[in-house]
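Working through the structure, step by step
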Amino acid sequence: MTNHTHDHDEGGSRKRPAGLLKNEKLVWDVLAASRDPLKAYEILDRLKERGVRAPMTVYRALDGLEAKGHIHKLDGLNAFVVCNHEGPHVVQAFLVCETCSTVKELEVIAVEADIAPAVRAAAFDMHTARLEIKGNCSACASITKANVA
Ligand SMILES: [Zn+2]
Ligand SMILES: [Zn+2]
């Protein structure tokens, strides 16, 4: 079984952020190379061959990456994805396909413009706002429709 690390750019915008600790780099690389969100134990599984054996190592790296805004946790799936955006952002919105389980992060600007003023008006000190929008991605939606027709 080969397991290439993705040093080349796959036409995506995912460049490993600077200033990561050694284990954070390992975890970030695994997440960035994955099409799907990954649970902590799946990340650990993929890092075993690179000498990472302790779950705490993975949890600590995930905490660090999340605190720095480089990854997001999807509470509904209990899994992690790499952030698509530049820098940390408190409002996070994801399209979660229930059929193929891909996750796409939405542009946050529009969502933030709606949420932030209402939160401020309530004098609420917001830490994060995370929206998981569930349904079918465009590919799965067209398959579903084709089956019905
Ligand atoms: Zn993000
Ligand atoms: Zn899908």
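Residues numbered from 1 in each chain as written. Chains lettered and ligands numbered in written order. Predicted model: local features only at pLDDT ≥ 70, side-chain atom pairs only at ≥ 80, totals over all residues. Heavy atoms only, no water.

Looking up the protein in an unreviewed UniProt entry gives the name Fur family transcriptional regulator, with the organism given as Hyphococcus aureus.

**What to know about the packing of helix α1 (residues 22-33) against helix α3 (residues 55-67)**
One can describe the packing of α1 onto α3 by two numbers: an axis separation of 9 Å at closest approach and a directional angle of 80°. By the criterion of interaxial angle, the relationship of α1 to α3 is roughly perpendicular. Each of N23, E24, V27, W28 and L31 in α1 lies in contact with α3, whose residues at this interface are T57, A61, L62, G64 and L65. (Axes fitted to C-alpha atoms, helices over the stretch in contact; angles between N-to-C directions. Helix = DSSP H or I, 4+ residues; strand = E, 2+ residues; numbered from the N terminus. Parallel < 35°, antiparallel > 145°, perpendicular 65-115°, else oblique. Contact = heavy atoms within 4.5 Å.)

**Topic: the sheet that holds strand β4 (residues 103-105)**
The sheet built from three strands is open, its strands ordered β4-β3-β5 with mixed pairing. Each end of this open sheet is capped by a strand with a single partner; those strands are β4 and β5 (129-135). Direction aside, neighbouring strands of the sheet carry axes that sit 20° apart on average. With three bridges connecting them, strand β3 (residues 91-97) and β4 associate as antiparallel partners. Bridging from a neighbouring strand, L95 pairs with K104 of β4. (Pairing = 2+ DSSP bridges.)

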